[in-house]
Amino acid sequence: MSKKFALLPIKKLVIADYCPRLLAHEDAIKELAENIKRAGVVSPLHVRKRDDGLYEIFSGSMRFRALQLLGEEYAPCIIHDIDETEAKKLALAEAVIHEDHTAEELASYIRRLLKEKVFRSKKEIAIFLGKSEQWVNELDKTWGTLEELRSARELQTQPELMEYVDFPTARELARKPEPEKKKFIQQISSEDFREWAKAASPDAVRKVVKTMVSEGKKFEDAVKELEPKEFEEEEDEEEEYEGKTLAATVKWEGKSGYNYELFTSEGKLCLFKYEKETLVEQITIPKEDVQELIEKLQELL
């Protein structure tokens, strides 16, 4: 595998469709452009030449967009004499080395490479990256959690569901096959359910909905399972999900225009940052560090 450095015309560069970067945000591009304006391009773009004479960028898409924003005509590049499969592997390695991609982007890209048979297993990926197999598995687990949370949030905000489905139940519903989701939504949207929900207590509605989702029961059967005491006022109970206590999700809109969601799961503290409806950043604090974080925040405030 040979490679060489060259200044290439911006107009001859294109971003590869297999680039790990999922989304480039204008604010981040503008900030990078200002940094390049002050200090220049510290890290060259990594490209490979295509059969049509253009060069596709497999690492450095943000730097490329920043150079475009600055009106630059040329970009410093390292040209790799490799095929697309090798470029995909290097794209992953560069993303991990630079540590400037989200866990979502890395996990999504790893899943794509496994699906496309670029790598045969997670173990092979771990060896290639010089990481442990556990590191790859944890990354994949994070992606699964993020996908589930995003899907749950979308379900919970649907007009038909938002009045009746709490977040833990939405998460459980997100894991169901599509036919089961559609069947549940149809029942919740029915006139029979809505008429019953108007007359029932909020707690009874919550329990019936939870039974419909967790056990796949029809609305009528879920209602029959309720004992008379279920309609009476009960003491507040902590919500549980898979046997783990879940705090209620805290949501707010920041003065910056971003929206935030904060919640705990299995002792971990999770913070999601949204630009409109798009997840742009997520931070997960391991349960071992949560208490120290709280103490540090108290000191700061």
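In this report, we go over the structure that sits alongside the text.

### Description of a negative patch on the surface
There is a patch of like negative charges on the surface, built from E288, D289, E292, E295 and E299. Mapping E299 onto the fold places it in helix α12 (residues 287-300). The exposed category is assigned to E299, whose relative accessible area is 60%.

### Let's talk about the pairing of strand β4 (residues 55-59)
With respect to burial, β4 is a largely interior element, five of its five residues being buried. Both strand β2 (residues 13-15) and β4 contribute to a ladder of three bridges, which runs parallel. Within the sheet, the bridge partner assigned to V14 lies in β4 and is E56. Relative to β4, strand β3 (residues 45-49) is paired through four bridges, and the arrangement is antiparallel. Bridging from a neighbouring strand, V47 pairs with I57 of β4.

### Overview of the packing of helix α3 (residues 84-98) against helix α4 (residues 103-115)
For the pair α3 and α4, the least separation of the axes is 11 Å and the interaxial angle reads 160 degrees. The angle between the axes of α3 and α4 places the two elements in the roughly antiparallel class. Relative to α4, α3 is oriented so that their crossing is left-handed. Contact with α3, carried on its side by K88, A91, L92, A95 and V96, involves L106, Y109, I110 and L113 of α4 and no other residues of that element.

### What about the packing of α3 against helix α5 (residues 122-129)?
The N-to-C vectors of α3 and α5 enclose an angle of 60 degrees; their axes lie 10 Å apart at closest approach. Relative to α5, α3 is oriented oblique. In terms of crossing hand, the pair formed by α3 and α5 is right-handed. Two secondary-structure elements touch here, α3 through K89, L92, A93 and V96 and α5 through I125, F128 and L129.

### Here we look at a nonpolar patch on the surface
On the surface, a cluster of nonpolar side chains totalling about 360 Å² of accessible area is made up of F5, L7 and Y74. Within the secondary structure, F5 is located in strand β1 (residues 3-9). Using a relative accessible area of 53% as the deciding quantity, one classes F5 as exposed.

### A closer look at the side chain of K89
Counting through the fold element by element, K89 comes out in helix α3. Judged by relative accessible area, K89 falls into the buried class, the value being 15%. When residues no more than four places from it in sequence are discounted, the contact partners of K89 are V118, F119 and F128.

### A closer look at helix α1 (residues 26-39)
Counted at 1.5 Å a residue, the expected span for α1 with its 14 residues is 20 Å, and the 20 Å between its end C-alpha atoms agrees. Regarding α1, the residues found buried are I29, A33 and I36. All buried residues of α1 fall inside an arc of 65 degrees around its axis, so they share one side. Set apart from the buried face of α1 by more than 90 degrees, the exposed residues are E31, R38 and A39. Against α2 (61-70) lie the buried residues of α1. Residue G40 follows α1 closely and has a positive phi angle near 80 degrees.

### Focus: the packing of aromatic side chains
Pairs of aromatic rings are described using the distance from one ring centre to the other and the angle between the two planes. Per the stated rule, a full pass over the model turns up six aromatic pairs. When the centroid spacing of 5.6 Å and the interplanar angle of 65 degrees are considered together, the rings of W196 and F219 count as edge-to-face. Residue W196 is located in helix α9 (residues 191-199), and its partner F219 is located in helix α11 (residues 219-224); the two are separated by 23 residues in the primary sequence. For W196, a relative accessible area of 16% gives the class buried.

### Observations concerning the pattern of salt bridges
On inspection of all chains with the given rule, the structure shows 12 salt bridges. Across the salt bridge formed by R50 and E56, the nearest N and O atoms sit 3.9 Å from each other. For E56, a relative accessible area of 6% translates into the label buried. The residue E195 makes a salt bridge to K198 at a minimum N-O spacing of 3.8 Å. On the criterion of helical spacing, the pair formed by E195 and K198 is a turn pair, its members being three residues apart in helix α9. Among the residues examined, K198 registers a relative accessible area of 66% and is labelled exposed. Residues participating in the shared-partner salt-bridge network are R48, R50, D52 and E56.

### Here we look at α5
All of the buried residues in α5 are I125, A126 and L129. Within α5, the buried residues cover an arc of 100 degrees as seen down the axis, which keeps them to one side. Turned more than 90 degrees away from the buried face of α5, the exposed residues are K123 and I127. A positive backbone phi angle near 75 degrees is found at G130, which sits one or two residues after α5.

Cut-offs and rules
- Residues numbered from 1 in each chain as written.
- Predicted model: local features only at pLDDT ≥ 70, side-chain atom pairs only at ≥ 80, totals over all residues.
- Heavy atoms only, no water.
- Patch = residues over 30% accessible without salt bridge, like charges linked within 9 Å, V, L, I, M, F, W, Y side chains within 5 Å.
- Areas by Shrake-Rupley, 256 points an atom, 1.4 Å probe, with all protein chains shown as cover.
- Salt bridge = Lys/Arg side-chain N within 4 Å of Asp/Glu carboxyl O.
- Lys, Arg positive; Asp, Glu negative; His and termini not counted.
- Charge placed at Lys NZ, Arg CZ, Asp CG, Glu CD.
- Helix = DSSP H or I, 4+ residues; strand = E, 2+ residues; numbered from the N terminus.
- Buried < 20%, exposed > 50% of the residue type's maximum accessible area, 1.4 Å probe, protein only.
- Pairing = 2+ DSSP bridges.
- Axes fitted to C-alpha atoms, helices over the stretch in contact; angles between N-to-C directions.
- Parallel < 35°, antiparallel > 145°, perpendicular 65-115°, else oblique.
- Left-handed = near helix turned anticlockwise from the far one by under 90°.
- Contact = heavy atoms within 4.5 Å.
- Expected span 1.5 Å × (residues − 1).
- Arc of directions from axis to C-beta.
- Phe/Tyr/Trp six-rings, centres within 6.5 Å; stacked < 30°, edge-to-face > 60°.

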